[in-house]
Structures are given as C-alpha cells and as structure tokens.
Amino acid sequence: PSVPSRHGAVKAEDTFKTSPFHLDLWFYFTLQNWVLDFGRPIAMIILPLEWFPLNKPSAGDYFHMAYNVITPFLLLKLIERSPKTLPRSMVYVSIITFVMGASIHLVGDSVNHRLIFSGYQHHLSVRENPIIRNLKPETLIDSFELLYYYDEYLGHSMWYIPFFLILFIYFTGCFTPVAEQSRMPVAAVLLMGPSSLYYWYLVTEGQIFILYIFTFFAMMALVMHQKRKGLVLDSNGLFLFYSFIIALLLIAGWVGWLWNDKILRKKYPGVIYIPEPWAFYTLHMSNLHAARE
C-alpha cells in the first residue's frame, strides 16, 4: 500500500479533475514579476542616488531579494493546485536550484547595474568598456569578466532552467477530457497581455531563447500527444500556452525591429540574434535622455 502524497510520484490511477482558473495566483505571479523583476533596475535608476550609496545595496537589490522569496513561494502554491499528482523530488530540487541561481544573479547583477553610474555601457562587452579596459593591473579585468559570467551565464542558467522546468511540470497536469473546460474566463484573457509581455522581457533580457523555445516545443508536443488521447488543455493550461505563443511573436517583432542595428549586432554575434532591452537602453535611450537634459 502506498502512502498518499500531494506531490508524490505520478501514479497510473491518477484521475483528471476539474481545476478552475487560478486568477489570484496568476495575478500575483504576473504583478510581482513586473514590479520585482522588471521594476528593479528602473527603481535603481529613478530613486535618488544619495538614498542608496554605490557601496550599499540599491533599491533594485531589495526588489531582487523580495523576488527570490516570493517567486518560489508562488511556484510551490501553483504546483499545489495542480489537479494531477506531480513528482515531489523534482519540484523541490528545482525550487532549491532556482533560489540559489537567483541569489547568485542578485550579487552579479547588483554590481553590474551599479557600474552604469560610472559609465559602464551594457551594449559593449566587458573588455570593450572604456571604464574597464584601462584598469591596472589587467588581472582586474578578468575579475570583472568572472563577475559577468556569474551574472549572465551561471546565475541565469541556475535561475531560468528550474523556473521553466517547474512551469512545464505544472503544465503536464493542465489537461481535461471535458471540452467545456477548455476555455478561458475574461479575466484570464485580460491578464494574458502583461503575462506575455513579461515573458518577452525575460527571454530577451535573460538571453534564454534556446531554453524558452525548447520549453515551448515540449509544451506543443505534449498538447499534440494528449489530444490523441482525447484530452484538451484546461483554462490554466490555455493561459500558459497562449502566453508563450504571444511572447514568441513579440520576440520575433523585437528582433525584426533591431535586425539592422550594427552596434547591437556586434554585441550579439552568431545565428541567434536577440538584443537585451537594457543594452538597447544604454545604447539609444540613455543618450536621448542626456541630450534632452
């Protein structure tokens, strides 16, 4: 006899249950993503520098700390509401890795964004930045490149891989045999816009298009596989799936708009060319603001 567990191993006798649209969780999830993730560099730039000296944590850092606590909590609550029994160990390991990766990113991103006040330009590589290339001894440049590696590569990987893995694990439980349940309420349709726009920001600023597109393909393959069994997505699954589709269209539009930008092309060489919004800001918008002043 097996001991029942809410997040235990998937059992063959699991039945599909009705799962209403989780408006509260999706709303809080989208809101905190916009405020605590997208809003943290904006808060750092807008708020007076004397409130947060350069040798102390910025307002954005406190936003990041709150994000690192609230996001895993909401992800766990989302998993709890799945009508399907999900693998507990994988969920826990993913959450632990997520918190560790986001915390690594907090430190690296904090320093990198504070460098903006010293003239650091995000559209240039570390060694090409005027404030970095003249450092003595030259080994200091290696240290800044290590910091950039922790921020943009290791931190992002340990942050975003478990993030999308948890979303996909949850997505596997969003199927129902009842066709009438495969529709979204009006609130879900309204929330889909800001949710999709955030995924666009996450993919472009985080430089995680490969991870994103593989997650989307896995979701699409699962939808086709379940359809052969007579199962369709419920309202929560539709919300997540359509948000990914709209975000993909936004990414395509973003790349098309900046396709001929030679400076950003140099910053992001290779087959996959997806400029970061903050690199675009430091290249174009910051100069515009300076000219106005």
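Treat the numbers as computed from the prediction; the structure is a model and nothing was measured. (Residues numbered from 1 in each chain as written. Predicted model: local features only at pLDDT ≥ 70, side-chain atom pairs only at ≥ 80, totals over all residues. Heavy atoms only, no water.)

Student: What am I meant to see in the overall build of the protein here?
Tutor: Assigned secondary structure in the protein consists of ten helices and two strands. Helices (α) and strands (β) of the protein occur, in sequence order from the N terminus, as α-α-α-α-α-β-α-α-β-α-α-α. Its C-alpha atoms give the protein a radius of gyration of 21 Å, near enough to 19 Å, the size a compact globule of 293 residues would have. The principal-axis extents of the C-alpha atoms in the protein amount to approximately 65 × 40 × 35 Å. Out of the 293 residues in the protein, the part that is buried amounts to 46%. Of the roughly 14,900 Å² that the protein leaves accessible, carbon and sulfur atoms contribute 68%. Separation between the mean location of the 22 positive side-chain charges and that of the 20 negative ones in the protein comes to 6 Å. (Helix = DSSP H or I, 4+ residues; strand = E, 2+ residues; numbered from the N terminus. Rg over C-alpha atoms; globule rule 2.2 N^0.38 Å. Buried < 20%, exposed > 50% of the residue type's maximum accessible area, 1.4 Å probe, protein only. Areas by Shrake-Rupley, 256 points an atom, 1.4 Å probe, with all protein chains shown as cover. Lys, Arg positive; Asp, Glu negative; His and termini not counted. Charge placed at Lys NZ, Arg CZ, Asp CG, Glu CD.)

Student: Looking at this model, I keep getting lost on the nonpolar core. Mind explaining?
Tutor: One recurring pattern in soluble globular proteins: nonpolar side chains tend to sit buried together. Counting residues in hydrophobic clusters, the biggest one holds 62 residues, and the most contacted among them are Trp 26, Phe 163, Phe 164, Leu 167, Tyr 199 and Phe 244. Looking at this core, the elements with two or more residues in it are helix H1 (23–46), helix H2 (59–80), helix H3 (88–114), helix H5 (139–171), helix H6 (186–206), helix H7 (209–228), helix H8 (235–257) and helix H10 (277–292). Discounting residues that sit within four places of it in the chain, Tyr 199 has contacts with Phe 29, Phe 163, Leu 167, Tyr 212, Leu 240, Ser 243, Phe 244 and Ala 247. One finds Leu 115, Tyr 120, Val 126 and Ile 132 within the second-largest nonpolar core, a separate group that totals six residues. (Core = buried A, V, L, I, M, F, W, Y, C linked by side-chain atoms within 4.5 Å. Contact = heavy atoms within 4.5 Å.)

Student: What's the story with the packing of H7 against H8 in this structure? I'm lost.
Tutor: Helix-helix packing: each pair is described by the crossing angle between the helix axes and the interaxial distance. Where H7 contacts H8, the axes come no closer than 11 Å and their chain directions differ by 140°. As summarised for this structure, H7 and H8 are arranged oblique, according to the angle between their axes. In this structure, H7 meets H8 at a crossing whose hand is left-handed. Facing H7, whose interface residues are Phe 209, Tyr 212, Ile 213, Thr 215, Phe 216, Met 219 and Met 220, H8 presents Leu 240, Phe 241, Ser 243, Phe 244, Ile 245, Ala 247, Leu 248 and Ile 251. Considered class by class, the residues forming the contact of H7 with H8 number 13 nonpolar, two polar and no charged. (Axes fitted to C-alpha atoms, helices over the stretch in contact; angles between N-to-C directions. Parallel < 35°, antiparallel > 145°, perpendicular 65-115°, else oblique. Left-handed = near helix turned anticlockwise from the far one by under 90°. Nonpolar A, V, L, I, M, F, W, Y, C, P; charged D, E, K, R; others polar.)

Student: Even after reading the chapter, I still don't get the environment of Phe 98, so can you show me in this structure?
Tutor: Counting through the fold element by element, Phe 98 comes out in helix H3. Given a relative accessible area of 0%, Phe 98 falls into the buried group. Residues Phe 98 and Ile 166, 68 residues apart in the sequence, show an inter-C-alpha distance of 9.7 Å. In contact with Phe 98, other than residues within four places in its own chain, are Tyr 67, Thr 71, Pro 72, Met 158, Trp 159, Pro 162 and Phe 163.

Student: For this particular structure, what's the right way to read the side chain of Asp 234?
Tutor: Topologically, Asp 234 is positioned in the loop between strand S2 (232–233) and H8. Residue Asp 234 is classed as buried on the basis of its relative accessible area of 3%. A distance of 2.8 Å separates a polar atom in the side chain of Asp 234 from the backbone nitrogen of Gly 237. (Polar contact = N/O pair within 3.5 Å; in protein donor to acceptor, adjacent residues only side chain to side chain.)

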